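Overview (structure and organization)
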Amino acid sequence: MIGGIELGGTKCIVAVANNPLDILEKKIIPTRGPTSTILDIVSFFSNYQISKLGVGSFGPLVLNSDSAEYGCLVAESKGGWKGINLVKELSKIDAHIIIDTDVNAAALGEYKYGVGKSAETFVYVTVGTGIGVGVLIEGKPHVGDFHLEIGHMFIPDKDNFEGVCRIHGNCWEGLASGPAMQSRWGMEARALSLEHEAWEKEAQLLAFGIINIISNHSPDKIVLGGGVMNQKHLFEKVRLNVKKIWNGYTPLGPLSDLILEPALGSDSGIVGSLSLAL
Ligand code: ADP
Ligand code: ZN
């Protein structure tokens, strides 16, 4: 049996499985402070015997498994979590731990079992509590020296909205994540009506970031996941904005083949985290 953890800013999904597509038990735990959240995670796994545990976590975190700091969260991206070493905290679970960013894990899930199959350059974007991006080149995460933090790039925004990123204010995540929508429009994103101007604005902000990803990586597929992308109407709005902003500069093909919904729905992250354990 293998275990998986998808640790997000709002919720944590834990699961045990025979293999990533054969999940035996799954639980959602609200992400709070580290002490109580980790206690709940460890308590879930105490009921099972697992050999390996794949963890996809929000970052930024040390991914170099040779480092003594392997698994350490290095910034206050979520209040109270800076300095927490996830590998050490989870060592109470008797299993070999493999850790990656939540978005690299979700990208892996979609690459192995979803819409990313055989994509040479494959991108997974989550638009949730934050914005995160995983880039796989022939199935391997593009990590660089630390790891990518594409959600924290800067994009234009004429409205002078100060943004909600705890570190940068109005970076991409600060302007277009779920909490950014809530702050800008004064209510939770899911409560906004379909006709609300927020959606066209959101599609444009997402398209700016996606254009930058296209410019940098020329991916063959980009999957958009995360809580905000439960708003299915956003996909077509985003594609139209990407088309308009890119302005035919290079051929992108039909955008409905480039910008895709996750085949695994909200399970990309946990399936990918379980895949890390293989
Ligand atoms: P996490 O970031 O913990 O992985 P999610 O991907 O579910 O969790 O992202 C949570 C964010 O997505 C919250 O800001 C929430 O308001 C927003 N969200 C969740 N569901 C919806 C929805 N149906 N429509 C719009 N926004 C949503
Ligand atoms: Zn930022």
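The structure this text deals with has already been given above.
No experiment lies behind these values; they were computed from the predicted model shown. (Residues numbered from 1 in each chain as written. Chains lettered and ligands numbered in written order. Predicted model: local features only at pLDDT ≥ 70, side-chain atom pairs only at ≥ 80, totals over all residues. Heavy atoms only, no water.)

1. Considerations on unusual backbone geometry
Residue Pro 60 is bonded to the preceding Gly 59 through a cis peptide linkage, with omega at -5°. Residues other than glycine seldom take positive phi values, yet Glu 138 does so here, at roughly 45°. Within the fold, Glu 138 resides in the loop between strand S7 (131–137) and strand S8 (140–141). The phi dihedral of Asn 160 falls on the positive side, at around 55°, and the residue is not glycine. (Helix = DSSP H or I, 4+ residues; strand = E, 2+ residues; numbered from the N terminus.)

2. Points about the sheet that holds strand S10 (residues 259–260)
Remark on secondary structure: sheet strands pair via backbone hydrogen bonds, oriented parallel or antiparallel. Ordered by their spatial adjacency, 5 strands build an open sheet running S8-S7-S6-S9-S10, and the pairing between neighbours is mixed. Both outer strands of the open sheet, S8 and S10, are each paired with one neighbouring strand and no more. Bridge count between S7 and S8: 2 bridges; the pairing is antiparallel. Note that in S8 the partner of Leu 136 across the bridge is Pro 141. (Pairing = 2+ DSSP bridges.)

3. Things to note about the sheet that holds strand S4 (residues 52–57)
Pairing within the open sheet is mixed, and its 5 strands lie in the order S3-S2-S1-S4-S5. Unpaired on one side and paired on the other, strand S3 (22–30) and strand S5 (96–101) mark the two borders of the sheet. Taken over all neighbouring pairs, the strand axes of this sheet differ in orientation by 15° on average, direction set aside. Sheet analysis places strand S1 (residues 2–7) next to S4, joined by 6 bridges and oriented parallel. Bridge assignment links Ile 5 to a residue of S4, and that residue is Val 55. Sitting on the sheet, helix H1 (residues 34–45) is in contact with S1, strand S2 (11–19), S3 and S4, with an inclination near 20° to S2. Sheet contacts for helix H3 (residues 102–113): S1, S4 and S5; angle to S5, the most-contacted strand, approximately 95°. (Axes fitted to C-alpha atoms, helices over the stretch in contact; angles between N-to-C directions. Contact = heavy atoms within 4.5 Å.)

4. Side note on the pairing of strand S6 (residues 121–127)
The buried fraction of S6 amounts to 7 of the 7 residues, a majority that puts the element mostly inside the structure. Of the two faces of S6, the one carrying Thr 121, Val 123, Val 125 and Val 127 and the one carrying Phe 122, Tyr 124 and Thr 126 are both buried. Between S6 and the antiparallel strand that follows it, S7, lie 3 residues. Looking at chain direction, S6 and strand S9 (residues 221–225) are connected through 5 bridges and run parallel. (Buried < 20%, exposed > 50% of the residue type's maximum accessible area, 1.4 Å probe, protein only.)

5. Structural notes on the coordination of the zinc ion (ligand 2)
Donor atoms from the polypeptide that bind the zinc ion (ligand 2) are His 152 (ND1), Cys 165 (SG), His 168 (ND1) and Cys 171 (SG), placed at 2.0 to 2.4 Å. If you look at the zinc ion (ligand 2), its 4 donor atoms make angles of 99 to 124° with each other, and the shape they trace is tetrahedral. Along the chain, the residues that donate to the zinc ion (ligand 2) are spaced as H-x12-C-x2-H-x2-C. On the criterion of sequence distance, the pair formed by His 152 in the loop between S8 and helix H4 (172–176) and Cys 165 in the loop between S8 and H4 is long-range, its members being 13 residues apart. For the pair His 152 and Cys 165, one class covers both residues: buried. (Donors = N, O, S within 2.8 Å, 3.2 Å for Na, K, Ca; no water. Tetrahedral: all angles 85-135°; square planar, octahedral: opposite > 155°, others 65-115°.)

6. A look at the packing of aromatic side chains
Evaluation of the coordinates by the stated rule reveals 5 aromatic pairs. Ring centres 6.5 Å apart and planes at 45° place the aromatic pair Tyr 111 and Phe 122 in the tilted group. Here Phe 122 lies in strand S6 and Tyr 111 lies in helix H3, a separation of 11 residues in the sequence. Its relative accessible area of 0% is what places Phe 122 among the buried residues. Three or more aromatic residues joined by ring pairs make a cluster, and in this case those are Phe 44, Phe 45 and Tyr 48. (Phe/Tyr/Trp six-rings, centres within 6.5 Å; stacked < 30°, edge-to-face > 60°.)

7. Things to note about the nonpolar core
If you look at the biggest cluster of nonpolar residues, it comprises 40 residues, and the most contacted ones within it are Val 125, Trp 172, Leu 206, Leu 224 and Val 242. Elements with a contribution of two residues or more to this core: S6, S7, H4, helix H5 (178–185), helix H6 (198–217), S9, helix H7 (233–246) and helix H8 (255–258). Discounting residues that sit within four places of it in the chain, Leu 224 has contacts with Val 125, Ile 210, Met 229, Phe 235, Val 238, Ile 259, Leu 260, Glu 261 and Pro 262. If you look at the next biggest cluster of nonpolar residues, it comprises 28 residues, including Cys 12, Phe 44, Val 87 and Leu 90. (Core = buried A, V, L, I, M, F, W, Y, C linked by side-chain atoms within 4.5 Å.)

8. Some details on the site of ligand 1
Thr 10, Lys 11, Thr 129, Gly 227 and Gln 231 are the nearest of the 16 residues found near ligand 1. Gly 9 has a polar backbone atom sitting 3.2 Å from an oxygen atom of ligand 1. Contacts to ligand 1 include Glu 188, whose side-chain N or O atom sits 3.3 Å from an oxygen atom. Coverage of ligand 1 by the protein chains reaches 83% of its 570 Å² of free accessible surface. Residue composition of the shell around ligand 1, by class: 3 nonpolar, 10 polar and 3 charged. Counting contributing residues, the shell around ligand 1 receives three or more from each of domain 1 (2–104) and domain 2 (115–261). (Near = heavy atom within 4 Å. Polar contact = N/O pair within 3.5 Å; in protein donor to acceptor, adjacent residues only side chain to side chain. Areas by Shrake-Rupley, 256 points an atom, 1.4 Å probe, with all protein chains shown as cover. Nonpolar A, V, L, I, M, F, W, Y, C, P; charged D, E, K, R; others polar. Domains from an automatic or database assignment.)

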